[in-house]
Amino acid sequence: MGEEAAFEDKLLGEEVERQMTRTPPGEKNSRRTFDEKAYLSSKLLKAGEDPYRQHAFNQLESDRLSSDRPIRDTRHYRCTSVHYDTDLPATSLIITFHNEARSTLLRTVKRIICELMGDGQISRGEKVIGNAHVMSCHARGVLNRTPPNLIQEIILVDDFSSDPEDCQLLTKIPKVKCLRNMRREGLIRSRVRGAEVATADILTFLDSHCEVNSEWLQPMLQRVKEDYTRVVSPIIDVISLDNFAYLAASADLRGGFDWSLHFKWEQIPIEQKMSRTDPTQSIRTPVIAGGIFVIDKSWFNHLGKYDTQMDIWGGENFELSFRVWMCGGSLEIVPCSRVGHVFRKRHPYDFPEGNALTYIKNTKRTAEVWMDEYKQYYYEARPSAIGKSFGSVADRVEQRRKLNCKSFQWYLENVYPELKIPEKELIPGIIKQGGNCLESQAQDTTGNILAVMGNCKGTVNNPPVTQEWVFSDPLIRQQDKCLSINSFSTGSQITLEACNQKDGRQKWKMKGSFIQHFVSGLCLENKTGRVVTNPCQAGVPGQQWELLQAT
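None of these values were measured; they are calculated from a predicted model.

1. Observations regarding the overall build of the protein
Assigned secondary structure in the protein consists of 14 helices and 26 strands. Relative to its 551 residues, the protein shows a buried fraction of 52%. Taking contacts inside the protein between residues at least 6 apart in sequence as the whole, the part at least 24 apart equals 71%. Approximately 25200 Å² of the protein is accessible, and the part contributed by carbon and sulfur atoms is 51%.

2. As for the pattern of salt bridges
This model, assessed by the stated rule, comprises 39 salt bridges. For R184, the salt bridge is made with D159, and the minimal N-O distance between the two is 2.2 Å. Of this pair, R184 sits in the loop between strand 5 (176-180) and helix 6 (187-197) while D159 is found in the loop between strand 4 (151-158) and helix 5 (165-168), placing the two residues 25 residues apart along the sequence. Residue R184 is classed as partly exposed on the basis of its relative accessible area, which comes to 23%. D159 sits in the buried class, given a relative accessible area of 2%. Sharing partners across several salt bridges, the network here consists of R183, E185, R189, D311 and K361.

3. Some points on the environment of L548
Among the structural elements, L548 can be located in strand 26 (residues 546-549). For the pair L548 and I430, spaced 118 residues apart in sequence, the C-alpha separation works out to 5.4 Å. Those residues within four positions of L548 in sequence are excluded, and the remaining contacts are G429, I430, K432 and V460.

4. Concerning the state of the cysteines
The final tally for this structure, using the stated rule, is six disulfides. Each sulfur in the disulfide pair C167 and C178 lies 2.0 Å from the other. Disulfide C167-C178: torsion about the S-S bond near 135°, hence right-handed. One end of the pair, C167, is in helix 5; the other, C178, is in strand 5, with 11 residues separating them in the sequence. Side by side, C167 and C178 carry an identical accessibility label, which is buried. Disulfide partner of C482: C499, at an S-S distance of 2.0 Å. Between C482 and C499, the S-S torsion sits near 95°, and that sign places the bridge as right-handed. Placement of the pair is C482 in strand 20 (residues 481-485) and C499 in the loop between strand 21 (494-498) and strand 22 (508-511), with a sequence separation of 17 residues. Taking the relative accessible area as the measure of exposure, C482 reaches 0% and is therefore buried. The exposure class assigned to C499 is partly exposed, which follows from its relative accessible area of 24%.

5. As for a nonpolar patch on the surface
Taken together, the side chains of V238, L247, W265 and F343 define a hydrophobic patch exposed on the protein surface, amounting to about 320 Å² of accessible area. Position of V238 relative to the elements: it lies in strand 8 (residues 230-239). Residue V238 is classed as partly exposed on the basis of its relative accessible area of 31%.

6. Quick word on the environment of N99
With respect to the helices, strands and loops of the structure, N99 is situated in the loop between strand 1 (91-97) and helix 4 (102-116). Overall, the relative accessible area of 24% leaves N99 in the partly exposed class. With 60 residues separating them in the primary sequence, N99 and D159 have C-alpha atoms 8.1 Å apart. A polar atom in the side chain of N99 sits 3.4 Å from the side chain of H98. Among the polar contacts listed, one links the side chain of N99 to the backbone nitrogen of S162, at a separation of 2.7 Å.

7. Regarding unusual backbone geometry
A positive phi angle is found at F244, which is not glycine, with a value near 60°. Mapping F244 onto the fold places it in the loop between strand 8 and strand 9 (246-247). Using a relative accessible area of 1% as the deciding quantity, one classes F244 as buried.

8. Concerning the nonpolar core
If you look at the biggest cluster of nonpolar residues, it comprises 55 residues, and the most contacted ones within it are F257, F322, F408 and Y411. Ranked by residue count, the leading element in this core is helix 10 (residues 316-326), at six residues. Excluding residues that lie within four positions of it along the chain, F322 makes contacts with F257, L261, V287, T366, W370, M371, F408 and Y411. Listed in part, the 39 residues of the second largest apolar core include L105, V109, C178 and I236.

9. Examining the packing of aromatic side chains
Throughout the structure, instances matching the rule amount to 20 aromatic pairs. Between F205 and F293 the ring centres are 5.0 Å apart and the planes differ by 40°, which places this aromatic pair in the tilted class. One end of the pair, F205, is in strand 6 (residues 202-206); the other, F293, is in strand 13 (residues 293-296), with 88 residues separating them in the sequence. The buried category is assigned to F205, whose relative accessible area is 0%. Classification of F293 as buried rests on a relative accessible area of 0%.

10. A look at the pairing of strand 22
Side chains on a regular strand alternate between the two faces of the sheet. Bridge analysis of strand 22 against strand 23 (residues 514-517) gives four bridges, and the strand direction is antiparallel. Each bridged residue has a counterpart across the sheet, and for M510 the counterpart in strand 23 is I515. The turn joining strand 22 and strand 23, which pair antiparallel and follow one another in sequence, is formed by two residues; a positive phi near 65° is taken by G512.

11. What to know about helix 7 (residues 218-226)
Along helix 7, the residues classified as buried are Q218, P219, M220, L221, Q222 and V224. Lining the buried residues of helix 7 we find strand 1, strand 6, strand 8, strand 13 and strand 14 (330-342).

12. A few points about the side chain of D296
Considering the arrangement of structural elements, one finds D296 in strand 13. In this structure, D296 is buried with no salt-bridge partner, the nearest side chain bearing the opposite charge being K297 at 9.7 Å. For D296, the side chain forms a polar contact with the main-chain nitrogen of W299, separated by 3.1 Å. Apart from residues lying up to four places away in sequence, D296 is in contact with D201, I202, V224 and Y228.

13. Looking at the side chain of R75
Summarising the element assignment, R75 is placed in the loop between helix 3 (59-64) and strand 1. With a relative accessible area of 8%, R75 lands in the buried category. Reaching out from R75, the side chain makes a polar contact with the side chain of D73 at a distance of 2.8 Å. Within the structure, R75 has its side chain in polar contact with the side chain of E215 (distance 3.0 Å).

Calculation rules
- Residues numbered from 1 in each chain as written.
- Predicted model: local features only at pLDDT ≥ 70, side-chain atom pairs only at ≥ 80, totals over all residues.
- Heavy atoms only, no water.
- Helix = DSSP H or I, 4+ residues; strand = E, 2+ residues; numbered from the N terminus.
- Buried < 20%, exposed > 50% of the residue type's maximum accessible area, 1.4 Å probe, protein only.
- Contact = heavy atoms within 4.5 Å.
- Areas by Shrake-Rupley, 256 points an atom, 1.4 Å probe, with all protein chains shown as cover.
- Salt bridge = Lys/Arg side-chain N within 4 Å of Asp/Glu carboxyl O.
- Disulfide = S-S within 2.5 Å.
- Patch = residues over 30% accessible without salt bridge, like charges linked within 9 Å, V, L, I, M, F, W, Y side chains within 5 Å.
- Polar contact = N/O pair within 3.5 Å; in protein donor to acceptor, adjacent residues only side chain to side chain.
- Core = buried A, V, L, I, M, F, W, Y, C linked by side-chain atoms within 4.5 Å.
- Phe/Tyr/Trp six-rings, centres within 6.5 Å; stacked < 30°, edge-to-face > 60°.
- Pairing = 2+ DSSP bridges.
- Lys, Arg positive; Asp, Glu negative; His and termini not counted.

Spelled out as structure tokens, the structure:
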């Protein structure tokens, strides 16, 4: 590292140190008391103001609710009898926000704190010290609380909100620290900044409009303690954006997506559901929603943190999920952990390049780095991404290479086989050279069906069955049989075998007028009636093929 870069890092480190230890505005002497009433009342809605305009949820309803309101324990009843290790590791909670409503931000933080506080700190309402209303927790809010030693710190990353005091005033609450970005960075870079200053060995990422439920943290810490390569998420309950009702989510869901990289909740596959005899058992998930999860800090760093060239929000959950699975880890949802989340129908903040373009940029970076040849299906599903700029991904590709990560085909086969390859309309046709056509021949003495050349018969629209082929990329089909090589070496005989999408011997691609075997790189060649594979050569007439489709 050069001297100038080192000096800049030193300045940044000093700024972080100042922000993490700064005395909040208005605090006198050494006494740290949080005035909840003043914190909330300064940002209440004005009469007649649209309660949905600023935050895309009903702020009026949020402001009316107690910051430590009771919520129903939505776990399966058997979760209450699960025991966790007494020496679970502590975690740093990282909550990023931009112009969050104070009532929801406080409720997120306070719900965690109320789950932490011991009986000696509980009161039956607000305590009053002088004229200050000090934060307290109702007794009902601390039942089944999280042991205080499990929270190392709560790091709030203020992503350049309009009012710095939204964050700074909350540092009067025990264990809460505040970092403020000096410009808008977005969720992804803000989370990385929070993770870099976190002092615990385990990181817990949380959105700023959540309410944690009873014993939410222990089940996730237990899973990560048992295997540091696990990345775990809770079941995410729904907090209504209209009336803030706390609604239990189904315990039979996992994260999924379509080829446009649009996240969706989907039912657990029936075979996985049938094998789950214990409702407290973790659920394997192809992707996580991304807002709330727990990860070992050293594993997070080893994997490459986040792609910090992504902007604001969107797509980062796919990039992280693919990376975790393909580079040696696993993703799971822990049913005995429940966290409520306000799901909004629109983003209440601006994207520098617009919501759609930002999402395209982020998902396109994901597709280019992780989806290998399957990225073609992303572009088919999201044609608006074609030609859009997405920056350089060279460093992320290099990171993948260094980590020796598996292929996206491995991911599809082992993690998400339910994501089917889109089927194109398959139009039959003939494969010819001059007046001769590729055809199947009756079984030879060994029982193989051979591919040979014969005089073209019939027409393109009505060929005999033995000369009709369907190019179903990467397979060349004739009914339920597919062209296959016998070996990967030069001169291999070509036969027809039962189609198998996973069989490398059956994979072909068109390359100009060549028909090239995908794995061996050899080309299909007509050798005086016999069909074999040989090294591709432009001057060999027997390797020049014409595919004519029916009209």
